[in-house]
Amino acid sequence: MAGNDWINSYLEAILDVGPGLDEAKSSLLLRERGRFSPTRYFVEEVITGFDETDLHRSWVRAQATKSPQERNTRLENMCWRIWNLARQKKQLEGEEAQRMAKRRLERERGRREAVADMSEDLSEGEKGDLVSDLSTLGESTRGRLARISSVDAMEAWAGQQKGKKLYIVLISVHGLIRGENMELGRDSDTGGQVKYVVELARALASMPGVYRVDLLTRQVSSPEVDWSYGEPTEMLNPLNSEGPMDDMGESSGAYIVRIPFGPKDKYIPKELLWPHIPEFVDGALSHVIQMSKVLGEQIGDGNPVWPVAIHGHYADAGDSAALLSGALNVPMIFTGHSLGRDKLEQLMRQARQSRDEINSTYKIMRRIEAEELTLDASEMVITSTRQEIDAQWRLYDGFDPILERKLRARIRRNVSCYGRSMPRMVVIPPGMEFHHIIPHEGDMDAETEANEDGKSPDPTIWTEIMRFFSNPRKPMILALARPDPKKNLTTLVTAFGECRPLRELANLTLIMGNRDNIDEMSGTNASLLLSILKLIDKYDLYGQVAYPKHHKQSDVPEIYRLAAKTKGVFINPAFIEPFGLTLIEAAAYGLPMVATQNGGPVDIHRVLDNGLLVDPHSQQSIADALLKLVADKHLWAKCRSNGLKNIHLFSWPEHCKTYLSKIAGCKPRQPRWLRNDDDDENSESDSPSDSLRDIQDISLNLKFSFEGDKSEGRDIDGSLDSEDQKTKLENAMQTWSKGVAKTPQRSGSIEKGDKFPALRRRKHIFVIAVDADPSNGLSESVRKIFEAVEKERSEGSIGFILATSFNITQMRSFLVGEKLSPTDFDAFICNSGGDLYYSSLHQEDNPFVGDLYYHSHIEYRWGGEGLRKTLLRWAASTAKNEEHIVVEDEETSADYCYSFKVQKPGAIPPVKELRKSMRIQALRCHVVHCESGNKINVIPVLASRSQALRYLYLRWGMDLTKVVVFVGESGDTDYEGLIGGVHKSVVLTGVCSSASSQLHANRTYPLTDVVSYDSPNIAKTCEGFSSSDIRSSLEGLQVLKG
């Protein structure tokens, strides 16, 4: 047909898309209204998942072009654009399918290997097939959710808690957090999680046995936000001020503690916080240490009161909590709220962006690695629903529900897990405070008559909403969500617009956060809001839909009350809802619910039985459910009654009772030199990490000779038996006492008058962590650093720590070869953080003294011999043509560091693959690629050189703000931890530059995602630097005076 050549391209595009189209759905489109809509076809069928709004807008503009020739040209270009997008989508989907298939194979292989290692003593019950294992796991989870159902039971439990004075630390770093007038919906970082953590802190502090709760977050002193977010501390009002106050003390209660980190005058999104996490950890560590001392004076008889648990919320806080719990050696708990792997899968399915583009936007790989670390470090992972465990956590390398069940069975039988461990997954639905809620009885007409009789006027927010409606007495369908595409509000508006009976019976209210001007909103939110406004216009819903611009947090209860007065319905149509706290809130006010069938609402509906579940992708399903509840008054009344009757099952007291009961089941940990031996008295050990090694509480594995004698007589987990351990401890104390003033064994501290360790009296500590060749880059760097501060060094105001991947034998050889004395350094961090030694003036034959308690501090989840056997099997698997590429280095290995030589650095898989393989087999460790790729050190999961510095702060009070770390341009794969934090860093330009590309490639994310080189705490020397250049850098950091 003349003038319509673009149709040929249009047909070719349809044919080239291939079999991905749903024929049944396409035929419906063809029959709809007797005509075929090419725009709708392309948008809904050909490229579902791309930015439909932009495409639709472009198509409409092309159709509106006046010139026939130009219109045809533009439409043809549009067709080819759509065709190309469809091909791109198919390619991305294919790549993701291959990735998932590979992942399944790795998971199955890892599970088989782990089970094979433990097969010697498997019971018949542990050998069940995979399907039965999964189903059993689900049933056991369902049966374990015990909740209090009466006041008497709560009082009985409260009586058992008397005498306890627990200190709990919660962490939630992103968003804007304050106790009153929370700005929920202000941005994507200030949402339901903010409200949850604040209310959890309040609720826990109100529970019997809890003395203090600290909620740690970021201090934001920016003109963009309210001044209250810059206050260092904010006390939260008690949850129920009428309760008994007998246990209140000077520092008791719940507090928001704001830690300064990141840009001082900027409020930045969570994706940009990653480089600043180490700074937060250092600040949080300082606060917890100081608060533990304060609480010790108040309630601990002078002994520090350490947190019973550190609870991280979301990936960034989980990463922080893992490092903080490792530094303090206290238990960690984690709640994900939403998970990175699940988000990545959703984004990949949408196929709008490639994997690299997704990572660039969301820093998703760094987030996923943080979540994997939380699985390594957590004693317990708290979820809101079983769906989160079954559908989301099982996507991670570090959690396998089948393997978890097998490990749990072995723990119950007191059988070794061969170094394997898995965090406990515990389902505890979020709580709510209901005592102030009075469900409404009556209707709008009765309320109107009451107001005419002179009673209190309606709340302002009611007037703001009802001004939209031509008939405000109709039942209100209420949706409360930020304008986010995943909340699926456009489908809700479409369903309402296309169902005439529903429009005639009800009004629709959309509470979509706060806004002043749509043009000032973020692109995604503005686009979605515009789409909703267009749908309102398309279906002529004026007078039937309310979308107020502003509301305060205090208005939300009034909004629920208004919906209940009109005998309305609350709806949550999200594509996936992790939990659905608003559904519980609505039920408390007597509102029946319509909710998505994907995620947490399924569990809420099972408990409350107060509404209907729908397919969020089906407009018809949503419209039918809403119409059924609005039209059937008997069904509405039944759902309302069920919700009010069962709502107490989601109260904060019950949530906290379950929470504290689960914490009591965690094995207590705290700094060993300050440990109270009575702490284990009532511990109910129920974690897969509690193998025989944990149950016997054998932790010390001391090496005091530089030759690093390796002990015999291990148990099946690779730990020392109790008699050998006792002997080693006695011998260690005798060795210690020869040159050092002896102190009580319980504390392991040094008498006040002694000069050991010397770092306690230094004004500054310089840490040399240059991962260069010992005979070239490292020795030259040490010499120049010494020369740069020769005056201060001779005065004794500056001390030095050497932090390398060497073991103590290699360290001594290096010092001898470079004609350096061990006393030139105050401490030596060896084996990438697996060992810690101090120099001693009192022992000429052995000037290295090992830290008595360091191994007990880092040994958490150390796999011992079980880990070593698996590593040897991995090393053997790398062989090619019978040539061994990776071999065990027995000479440099130690009890807390397994070392391997890499014969051909370019021929082995990246170390991230080894870390992944160990996680899949439930082995928790820190894999460090070091010495320019020629060596691999495997150390405990929470050990590293940067963590060793935090240990020195905790043990000896070494002020981290007075520490300067010297590094090269690149280094070992633990390099990133040495740069961030409150300490200063000097990057020696030109040193270690050749190793950069290889070792940095071992990360799943770019180094720039986690290191902020524009930080005022980081200085770089010039190329070919001299000692004077180093001194200039130190002066620039204000470490030295010019």
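Rules used in this analysis
Residues numbered from 1 in each chain as written. Predicted model: local features only at pLDDT ≥ 70, side-chain atom pairs only at ≥ 80, totals over all residues. Heavy atoms only, no water. Helix = DSSP H or I, 4+ residues; strand = E, 2+ residues; numbered from the N terminus. Buried < 20%, exposed > 50% of the residue type's maximum accessible area, 1.4 Å probe, protein only. Contact = heavy atoms within 4.5 Å. Salt bridge = Lys/Arg side-chain N within 4 Å of Asp/Glu carboxyl O. Phe/Tyr/Trp six-rings, centres within 6.5 Å; stacked < 30°, edge-to-face > 60°. Lys NZ or Arg CZ within 6 Å of the ring centre and 35° of its normal. Polar contact = N/O pair within 3.5 Å; in protein donor to acceptor, adjacent residues only side chain to side chain. Pairing = 2+ DSSP bridges. Axes fitted to C-alpha atoms, helices over the stretch in contact; angles between N-to-C directions. 1 Å grid on protein atoms, 1.4 Å probe; cavity = no way out; pocket = protein on both sides within 12 Å on 5 of 7 lines; lining within 4 Å. Points joined across faces, edges and corners; volume = space filled by probe spheres on them. Parallel < 35°, antiparallel > 145°, perpendicular 65-115°, else oblique. Expected span 1.5 Å × (residues − 1). pLDDT = per-residue confidence, 0-100. Left-handed = near helix turned anticlockwise from the far one by under 90°. Nonpolar A, V, L, I, M, F, W, Y, C, P; charged D, E, K, R; others polar. Core = buried A, V, L, I, M, F, W, Y, C linked by side-chain atoms within 4.5 Å. Lys, Arg positive; Asp, Glu negative; His and termini not counted.

1. A short note on the overall build of the protein
Broken down by element type, the protein carries 38 helices and 26 strands. Buried positions account for 59% of the 1042 residues belonging to the protein. For the protein, the share of sequence-separated contacts (at least 6 apart) that also reach a separation of at least 24 residues comes to 72%.

2. Quick look at the pattern of salt bridges
Taken as a whole and judged by the stated rule, the model has 44 salt bridges. Measuring nitrogen to oxygen at the nearest pair gives 3.9 Å for the salt bridge that ties Glu-271 to Lys-270. Assessed through its relative accessible area of 19%, Glu-271 is described here as buried. In this structure, Glu-780 and Lys-784 form a salt bridge, with 3.8 Å as the shortest nitrogen-oxygen distance. On the criterion of helical spacing, the pair formed by Glu-780 and Lys-784 is a turn pair, its members being four residues apart in helix α29 (residues 774-788). Accessibility expressed as a relative area gives 15% for Lys-784, which makes it buried.

3. A word on the packing of aromatic side chains
One pass over the structure, following the stated rule, counts 18 aromatic pairs. With a centroid separation of 5.0 Å and 50° between ring planes, the pair formed by Trp-393 and Tyr-396 is classed as tilted. With relative accessibility at 0%, the residue Tyr-396 sits in the buried group. Members of the aromatic cluster, each reached through a chain of ring pairs, are Phe-766, Phe-786, Phe-800, Phe-825, Phe-828, Phe-848 and Phe-966. Above the face of the Phe-786 ring, Arg-793 is positioned so that its terminal group lies 4.0 Å from the ring centre.

4. Remarks on the side chain of Arg-919
As for its position among the elements, Arg-919 is in helix α34 (residues 911-920). Within polar-contact distance, the side chain of Arg-919 engages the side chain of Glu-369 at 3.0 Å. Setting aside anything within four residues of it in sequence, one finds Arg-919 in contact with Glu-369, Glu-372, Leu-373, Asp-376, Asp-397 and Gly-398.

5. Let's talk about the pairing of strand β7 (residues 380-383)
Neither face of β7 is exposed, since Met-380 and Ile-382 on one face and Val-381 and Thr-383 on the opposite face are all buried. Across two bridges, the pairing between strand β6 (residues 332-335) and β7 is parallel. What sits directly across from Ile-333, in β7, is Met-380. The pairing of β7 with strand β8 (residues 424-427) spans four bridges and is classified as parallel.

6. As for the sheet that holds strand β20 (residues 886-888)
In spatial order, the strands read β20-β21-β23-β22; together these four strands make up an open sheet with antiparallel pairing. One side of each edge strand has no neighbouring strand; the edge strands of this open sheet are β20 and β22 (926-930). Within the sheet, the average angular offset between the axes of one strand and its neighbour, ignoring direction, is 25°. Examined bridge by bridge, β22 and strand β23 (residues 935-939) share five bridges and lie antiparallel to one another. For Cys-930, the partnering residue across the bridge sits in β23 and is Lys-935. Of the strands in this sheet, β20, β21 (898-902) and β23 touch helix α33 (residues 864-877), which is tilted by about 10° from β21.

7. Thoughts on empty space enclosed by the protein
According to the stated counting rule, one finds eleven cavities of 30 Å³ or more in the structure shown. Of the voids in this model, the largest cavity is the one considered here, and its volume is about 630 Å³. Along its surface, the largest cavity is lined by 30 residues, and Leu-323, Leu-373, His-926, Glu-976 and Tyr-1005 are the ones closest to its centre. Listed by contribution, the elements that provide at least two residues to the lining of the largest cavity are α9 (277-299), α10 (314-328), α13 (364-377), α34, β22, α35 (945-956) and α36 (975-979). Among the elements that take part in the lining of the largest cavity, α13 stands out by supplying five residues, more than any other.

8. Some details on the packing of helix α18 (residues 489-498) against helix α20 (residues 523-538)
One can describe the packing of α18 onto α20 by two numbers: an axis separation of 10 Å at closest approach and a directional angle of 0°. In terms of orientation, α18 and α20 fall into the roughly parallel class. Contacts from Leu-489, Thr-490, Val-493 and Thr-494 of α18 reach α20 at Leu-528, Ser-531, Ile-532, Leu-535 and Ile-536.

9. Focus: α35
Because the α-helix completes a turn every 3.6 residues, residues three or four places apart line up on one side. When the terminal C-alpha atoms of α35 are compared, their 16 Å separation across twelve residues agrees well with the 16 Å that a helix rising 1.5 Å per residue should span. Counting buried residues in α35 gives twelve out of twelve residues, a clear majority hidden from the surface. Just downstream of α35, Gly-957 is the residue with a positive phi angle, here 75°.

10. Quick look at the confidence of the model for the protein
Counting all residues, the mean pLDDT for the protein is 80, and 77% of those residues have values of 70 or more. Ignoring residues within four places in sequence, the model shows residues 242-246, a span with pLDDT below 50, making zero contacts including any to other chains. Long-range and interchain partners of residues 676-723, a stretch whose pLDDT sits below 50, account for 139 contacts in this model, where long-range means more than four residues apart.

11. Observations concerning the packing of α9 against α35
Two elements in contact, α9 and α35, have axes separated by 11 Å at closest approach and are oriented at 15°. The orientation of α9 relative to α35 falls into the category roughly parallel. Here the hand of the crossing between α9 and α35 comes out right-handed. Residues Pro-278, Val-281, Asp-282, Leu-285, Ser-286 and Ile-289 of α9 touch α35, and the partners they reach there are Arg-950, Tyr-953 and Leu-954. Each residue belonging to the contact of α9 with α35 can be placed in one class, and the counts come to six nonpolar, one polar and two charged.

12. Quick notes on the environment of Val-886
Looking at the element boundaries, Val-886 is found in strand β20. When the C-alpha atoms of Val-886 and Ala-875 are compared, they prove to be 5.2 Å apart, with eleven residues separating the residues in sequence.

13. Side note on the environment of His-311
Counting through the fold element by element, His-311 comes out in strand β5 (residues 309-313). Each C-alpha atom of the pair His-311 and Met-380 lies 9.4 Å from the other, and the pair is 69 residues apart in sequence. Apart from residues lying up to four places away in sequence, His-311 is in contact with Val-169, Leu-170, Ile-171, Leu-200, Ile-333, Phe-334, Thr-335, Ile-382 and Tyr-659. A polar contact of 2.7 Å, which involves the side chain of His-311, links it to the side chain of Thr-335. Separated by 2.8 Å, the side chains of His-311 and Tyr-659 make a polar contact.

14. Quick word on the sheet that holds strand β24 (residues 963-968)
As summarised here, the arrangement of the eight strands in space is β19-β18-β17-β16-β15-β24-β25-β26, forming an open sheet in which the pairing is mixed. Each end of this open sheet is capped by a strand with a single partner; those strands are β19 (848-850) and β26 (1018-1020). Within this sheet the neighbouring strands show an average axis-to-axis angle of 25°, counted without direction. Relative to β19, strand β18 (residues 835-839) is paired through three bridges, and the arrangement is antiparallel. Considered in β19, the bridge of Ser-839 is made with Phe-848. Here α29 sits on the sheet in contact with β15 (764-768), β16 (798-803), β24 and β25 (984-988), set at roughly 160° to β15. The strands that α35 touches are β15, β16, β17 (827-830), β18 and β24; relative to β18, the one it contacts most, it runs at about 55°.

15. Let's talk about the nonpolar core
Counting residues in each nonpolar core, the largest one holds 112 residues, and the members touching the most others are Ile-171, Leu-328, Trp-393, Ile-801, Leu-949, Leu-952 and Met-958. The contact partners of Ile-801, leaving out residues within four places of it in the chain, are Ile-765, Phe-766, Val-767, Ile-768, Phe-825, Ala-827, Ile-829, Leu-949, Leu-952 and Met-958. Counting residues in each nonpolar core, the second largest holds 74 residues, with Met-476, Ile-511, Ile-536 and Tyr-547 among its members.

16. What to know about unusual backbone geometry
Phi is positive for Asp-609, which is not a glycine, with a value near 50°. Mapped onto the elements, Asp-609 comes out in the loop between α23 (601-608) and β14 (611-614). The backbone of Ala-922 shows a phi angle near 65°, a positive value even though the residue is not glycine. By relative accessible area, Ala-922 is classed as buried at 0%.

17. Notes on α13
With 14 residues, α13 should reach 20 Å at 1.5 Å per residue; the first-to-last C-alpha distance of 20 Å fits that figure. α13 sits mainly inside the fold: 14 of its 14 residues count as buried.

18. Here we look at the pairing of strand β10 (residues 507-511)
In regular strands, side chains alternate between the two faces of the sheet. Counting buried positions along β10 yields five of five residues, so the element is predominantly enclosed. Here β10 shows two buried faces, one formed by Asn-507, Thr-509 and Ile-511 and the other by Leu-508 and Leu-510. Two strands pair when backbone bridges link them, and strand β9 (residues 476-480) and β10 are joined in this way by five bridges, in the parallel orientation. Bridge pairing in β10 places Ile-477 opposite Leu-508. Note that β10 and strand β11 (residues 545-546) share two bridges and pair parallel.

19. Quick word on the side chain of Arg-861
Assignment of secondary structure puts Arg-861 in the loop between α32 (854-858) and α33. Summary of buried charges: Arg-861 has no salt-bridge partner, and the nearest side chain of opposite charge, Glu-379, is 5.0 Å away. Polar contacts involving the side chain of Arg-861 include one to the main-chain carbonyl oxygen of Asp-376, which spans 2.7 Å.

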